[in-house]
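Understanding the architecture of this molecule
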Amino acid sequence: MRTMAAFANTQGGYLIFGIHDSTQELIGLHDWTHSEFKNLDNAELANLLRDQFNRDIRWERKLFTYDEMDFGVIYVFELTNKPVISRKDYGILKRSNIYYRYNGVSTIIEPGDLEDIIEKEKHRLVSELLNK
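Residues numbered from 1 in each chain as written. Predicted model: local features only at pLDDT ≥ 70, side-chain atom pairs only at ≥ 80, totals over all residues. Heavy atoms only, no water.

Considering helix α3 (residues 42-52)
Residues L45, A46, L49 and Q52 constitute the buried set of α3. Buried residues along α3 cover an arc of 135° about the axis, so they all sit on one side. Of the surrounding elements, those touching the buried residues of α3 are α1 (2-9), β2 (59-66) and β3 (69-76). One side-chain oxygen of the residue at the start of α3 lies 3.0 Å from the amide nitrogen of A43, identifying that residue as D41. (Buried < 20%, exposed > 50% of the residue type's maximum accessible area, 1.4 Å probe, protein only. Helix = DSSP H or I, 4+ residues; strand = E, 2+ residues; numbered from the N terminus. Arc of directions from axis to C-beta. Contact = heavy atoms within 4.5 Å. Polar contact = N/O pair within 3.5 Å; in protein donor to acceptor, adjacent residues only side chain to side chain.)

Let's talk about unusual backbone geometry
Across the chain, the bulk of peptide bonds are trans and the bulk of non-glycine residues have phi less than zero. A cis amide bond, omega 0°, links K82 with the succeeding residue P83. Mapped onto the fold, P83 is located in the loop between β3 and β4 (99-102). In this structure, Q24 is a non-glycine residue whose phi angle is positive, near 60°. Its identity as a non-glycine residue notwithstanding, S96 has a phi of 75°, on the positive side. S96 sits in the partly exposed class, given a relative accessible area of 45%.

Considerations on the pairing of β3
As a general feature of sheets, a regular strand has side chains that alternate between the two faces. For β3, a buried count of 6 out of 8 residues is recorded, marking the element as mostly surrounded by other parts of the structure. In this sheet, β3 lies alongside strand β1 (residues 13-17) in antiparallel orientation, the contact comprising 5 bridges. Each bridged residue has a counterpart across the sheet, and for I16 the counterpart in β3 is V73. In the sheet, β2 pairs with β3 via 8 bridges, with the strands oriented antiparallel. Residue T65 lies in a different strand from β3, and its bridge partner there is D70. Here β2 hands over to β3 after 2 residues, with D67 in that stretch at a positive phi of 50°. (Pairing = 2+ DSSP bridges.)

Below you can see the structure in the form of structure tokens.
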């Protein structure tokens, strides 16, 4: 969920399951991970995200085969109304934190990036008001 929030706060992105984290080797989904990904309840994940964060995170989930291996993909759309903020402590997620994606790492946003989001949001709102 942290990575999904971080992607939503940046430019969106893909979570690909079936790639080794440290080596980036294509390993595919194994039997139990394939079954877990295939049987993931979209409504349950959407409800978890909605309960954890202040904004609705839009995403899509797909299974695909490449080089005779199965992979799972979750695409997270960039939010137009940023930032998405964690509502409560839950595992590694902390209340009031804003997560952001930096070169392969999802972590707490840096002050300069938060300032950029605030400025862009102000411009978006002004533009929206002027167009009404």
